[in-house]
Structure formats: structure tokens, C-alpha cells
Amino acid sequence: MSVPKIPIGEWVESLEGWLETNFEPFFNGVKTVVGSIVDGLADGFNFFPPLVVIAIFTILAFWLGRYRLAAFTLLGLLLVLNLGYWAHTMDTLALVLTASFISIVIGVPLGILCAGNKKVQSVITPLLDLMQTMPAFVYLLPAVAFFSLGVVPGVIASVIFSIPPTIRLTSLGIRQVPEDLVEAADAFGSTSMQKLFKVQLPIAIPTIMAGINQTIMLSLSMVVIASMIGAQGVGADVYKAVTQAKTGVGTEAGLAVVVLAIMLDRMTQKLAKKNKKSKKG
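A brief structural summary. What you see is a predicted model; the values in this text were computed from it and never measured. By convention here, each chain's residues receive numbers from 1 onward along its written sequence. Local features in this predicted model are restricted to residues whose pLDDT is 70 or higher, and side-chain atom pairs enter the listing and the counts only when it is 80 or higher, whereas totals over whole chains, interfaces and linings include all residues. In computing side-chain properties, one takes all heavy atoms of the structure into account and sets aside hydrogens as well as water.

Cavities and pockets were defined on a 1 Å grid built over protein atoms only: a cavity is a set of grid points that admits a 1.4 Å probe from which the probe cannot escape, a pocket is an open set flanked by protein on both sides within 12 Å along at least five of seven lines, and lining residues are those with an atom within 4 Å of any such point. Grid points are joined across faces, edges and corners, and a volume is the space filled by probe spheres set on the points. Volume-wise, the largest pocket comes out at about 1200 Å³. Along the walls of the largest pocket sit 31 residues, with Y139, P142, F146, I156 and I160 positioned nearest its centre. Secondary structure elements with two or more residues in the lining of the largest pocket: helix 1 (8-22), helix 2 (24-47), helix 4 (86-116), helix 5 (118-133), helix 6 (140-147) and helix 7 (151-162). Per-element accounting of the lining of the largest pocket gives the leading share, six residues, to helix 1. Taken together, the residues of the lining of the largest pocket sort by class into 28 nonpolar, one polar and two charged. Strands here are runs of E lasting at least two residues and helices are runs of H or I lasting at least four, both read from the DSSP assignment and numbered beginning at the N terminus. Gly is put with the polar residues, along with every residue not named as nonpolar or charged; the nonpolar set is Ala, Val, Leu, Ile, Met, Phe, Trp, Tyr, Cys and Pro, and the charged set is Asp, Glu, Lys and Arg.

Right under this line is the structure:
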């Protein structure tokens, strides 16, 4: 006797159809807002001459990490410019920054909520496990269904894929705040908001920044996958090179992604260290 198959796929498709029918104005609004942010950032990066943007990023890198990081940023971005991928790299940077910003805006409050409420944490933790273990390609299907093709579904898929580290490490950072400091804040009559913003968050910031760093790296890892549904940027060049078996072109476009990834990774790490030193001071 065979056991009937559980129609999970049919349930998901029914839910997808119901959401499309009843929340179409909401999805259209999200598409407009997210698309405007990405286009605005991309236009801003591409508005100025490349050498001006390179100089700005180099100065920022010097402020965060001194000579070594500044030298890598300068040479890496000059290499991207020389290879002819400057405009597409700026499009990718706009996509990654938008996805990271949305992940931070949603993920940090959720992490705080998880740290303060065990019931919420018990519900969200399995969802985070699902989001981190589900193949990334699966996220493209509902993203396309709700937002059609283009950069917006790429951003939404990147957010779903990359937001778990921010939530997890925000929650972890707040839960690791020493109990005696929390008790001292309570003894002085601090409100919950005062305790959060003056005690817990300042101490947890290095851990939160580690989560944000991972979110940015995961967003970058979705660049090539998102290009399959029309997302702009260097990922489209990598995907095109793969489909046409052009190893040289793929290597050049991949180097642009590598430069961007290392630059963002080191900058966020240095920002976390700089903030930690200022707190100690």
C-alpha cells in the first residue's frame, strides 16, 4: 500500500496565486520603491567620472584601514576601469548596497526582537534555517512571480538569501551582553529603550557588524544567480560568458566581482574595529 504524496508543491502554488491576486498593489509598490533606490544609486555612481569615484573610495579606505586597504582599493578599481567593467560594477554595487540596506533595516529589529522574546526566537530560528539551506535558485521563482523580470526580483532574492546572518548575530550580540551591566541599567531605572540603545546595542555592535559583513558577502554571491532573471551588473557578464563558454571574459568579469567583494569585506571589518576602539576609548 503506497502512502499518498503530500501535495506541498500544490499548496505553495496555491499560496503564490492567492498572494498575486490579493497583494498585487503591495508588490507593485515594493517594485517601484526598490527599483527607484537601485536606479538612483547606479545613476549616482555612474554620474561622476570614474576617477573621481575611485578617489572617493580610496580616501574612505584610507580612513578605515590606512595604506594597505587604500592601495588595494585604488589598484583594484583601476583594474576594473581598465578591463571595461566600470559601469556594470557600479550597477552591481548599487544592487548589493540596496539588498544589504533592506536586510539591515529588517534584520536588526528582528534580531533585537528574537533576543528579547524566546517565543519569537523559537518561531524565527527554523525559518532562518530554511532560508539558509534552501538552494538559492529556488528564491528566483517567487521573486519573478511577484515582481516579474529585472533588477527588483534580484534584490528581493538577495535579501531573502542574505538576511539570516544579520538576524542571528544581532540576536547573539545582544544576548551576550553581560548580565551585570543589564542589571546595573535596571537598578538606575533605565527604560527598555534606554537600556537597548545605551547599553546593549553599543556593546553588541561588533557582533552585529560581523552579521552585516556576512550579509554583504552573501548579497554579492547572489549577483550571478540574480542575473538569470534580468538583474543588471557584472553578474550578467559572468552568466553570458558561462553560456557562451568564454573563459577569458568570465575571468575578467569575475575579477571585478572579486575586487568589489574584498573591498566591501575589508571596509566593513575595519569599520567594526574602528567602532570597537572608539567605544573602548
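That was the structure; now back to the text.
The next thing to look at is helix 10 (residues 192-221). To estimate how far a helix should reach, multiply one less than its number of residues by 1.5 Å. Over its 30 residues, helix 10 extends only 37 Å from the first C-alpha to the last, a length that falls short of the 44 Å expected when each residue adds 1.5 Å. Approximately 55° is the largest bend angle found in helix 10, and it occurs at I205, with the proline P206 only one to four residues beyond. A residue's bend is simply the angle between two axes: one fitted to the seven residues ending at it, one to the seven starting at it.

Angles run from 0 to 180 degrees between N-to-C directions of axes, and those axes are lines fitted to C-alpha atoms, restricted for helices to the stretch in contact. One can describe the packing of helix 4 onto helix 5 by two numbers: an axis separation of 5 Å at closest approach and a directional angle of 125°. With respect to helix 5, the element helix 4 is oriented oblique. Handedness of the helix 4/helix 5 crossing: left-handed. Residues L110, L113, C114 and G116 of helix 4 pack against K118, V120, Q121 and I124 of helix 5. Across the contact of helix 4 with helix 5, the residue classes break down as five nonpolar, two polar and one charged. To sort the angles, those under 35 degrees are grouped as roughly parallel, those over 145 as roughly antiparallel, those from 65 to 115 as roughly perpendicular, and the leftovers as oblique. In this scheme the crossing of two helices becomes right-handed for a clockwise turn of the near helix relative to the far one and left-handed for an anticlockwise turn of less than a right angle. A contact between two residues is defined here by any heavy atoms of the two lying within 4.5 Å.

Note that every value here comes from positions in space, so none of it alone points to a role or purpose.
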